[in-house]
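Report on the structure
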Amino acid sequence: IEIFDPATKTVISSGIALGTPRLLHTATTLQNGDILIAGGFTNDKPNSFGFGMATSICEIIDTGNLSVKNVGQLANNEGVGGHSSTLLSNGLVFISGGSSDFF
């Protein structure tokens, strides 16, 4: 996870990483400033760009203390990637679309 500083226009490492590395996931900023990371395709080739199975795992990035915690799975434990997510006015996150298979 990296942090962009708009004042200096630089990107720096946060020193933390997601528990499940992924591609084509969503990152939704919640009302409290934390970030929900949902779904995506796992990278089964860590030293190169590649797609593995879709994951249903959701994680929260706590922006206050720069930590990551697993907060559960998408409905029916079905993995999905390439989807969209929208923060609703009631604080829930609506996730739609995507696919369980990249190909």
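Keep in mind that what you see is a predicted model, and the values were worked out from it rather than measured.

1. Concerning the overall build of the chain
A tally of helices and strands in the chain yields zero helices and ten strands. Ordered by position from N to C terminus, the α and β elements of the chain give β-β-β-β-β-β-β-β-β-β. The 103 residues of the chain split such that 29% are buried. Of the roughly 6,400 Å² of accessible surface on the chain, a fraction of 55% belongs to carbon and sulfur atoms.

2. Considerations on the environment of Ser13
By secondary structure assignment, the location of Ser13 is in strand β2 (residues 10-13). The exposed category is assigned to Ser13, whose relative accessible area is 59%. Separated by 79 residues in sequence, Ser13 and Leu92 place their C-alpha atoms 29 Å apart. Not counting residues within four places of it along the chain, the set of residues in contact with Ser13 comprises Ile1 and Glu2. From its side chain, Ser13 meets the backbone nitrogen of Gly15 in a polar contact 3.2 Å long.

3. Section: the pairing of strand β4 (residues 26-29)
Of the two faces of β4, the one lined by Thr26 and Thr28 is fully buried and the one lined by Ala27 and Thr29 carries no buried residue. Bridge analysis of β4 against strand β5 (residues 35-38) gives four bridges, and the strand direction is antiparallel. Looking at β5, one finds that Ala27 is bridged to Ile37. Counting the residues that bridge the hairpin from β4 to β5 gives five residues, and of these Gly33 lies at a positive phi of roughly 95 degrees.

4. Description of the pairing of β5
Sheet topology note: the β5/strand β7 (residues 57-62) ladder contains four bridges and is antiparallel. Following the sheet pairing, Ala38 is matched in β7 by Cys58.

5. Examining the environment of Asn43
Checked against the element boundaries, Asn43 lands in the loop between β6 (41-42) and β7. Accessibility expressed as a relative area gives 22% for Asn43, which makes it partly exposed. Separated by 27 residues in the primary sequence, Asn43 and Ile16 place their C-alpha atoms 18 Å from one another.

Calculation criteria
- Residues numbered from 1 in each chain as written.
- Predicted model: local features only at pLDDT ≥ 70, side-chain atom pairs only at ≥ 80, totals over all residues.
- Heavy atoms only, no water.
- Helix = DSSP H or I, 4+ residues; strand = E, 2+ residues; numbered from the N terminus.
- Buried < 20%, exposed > 50% of the residue type's maximum accessible area, 1.4 Å probe, protein only.
- Areas by Shrake-Rupley, 256 points an atom, 1.4 Å probe, with all protein chains shown as cover.
- Contact = heavy atoms within 4.5 Å.
- Polar contact = N/O pair within 3.5 Å; in protein donor to acceptor, adjacent residues only side chain to side chain.
- Pairing = 2+ DSSP bridges.

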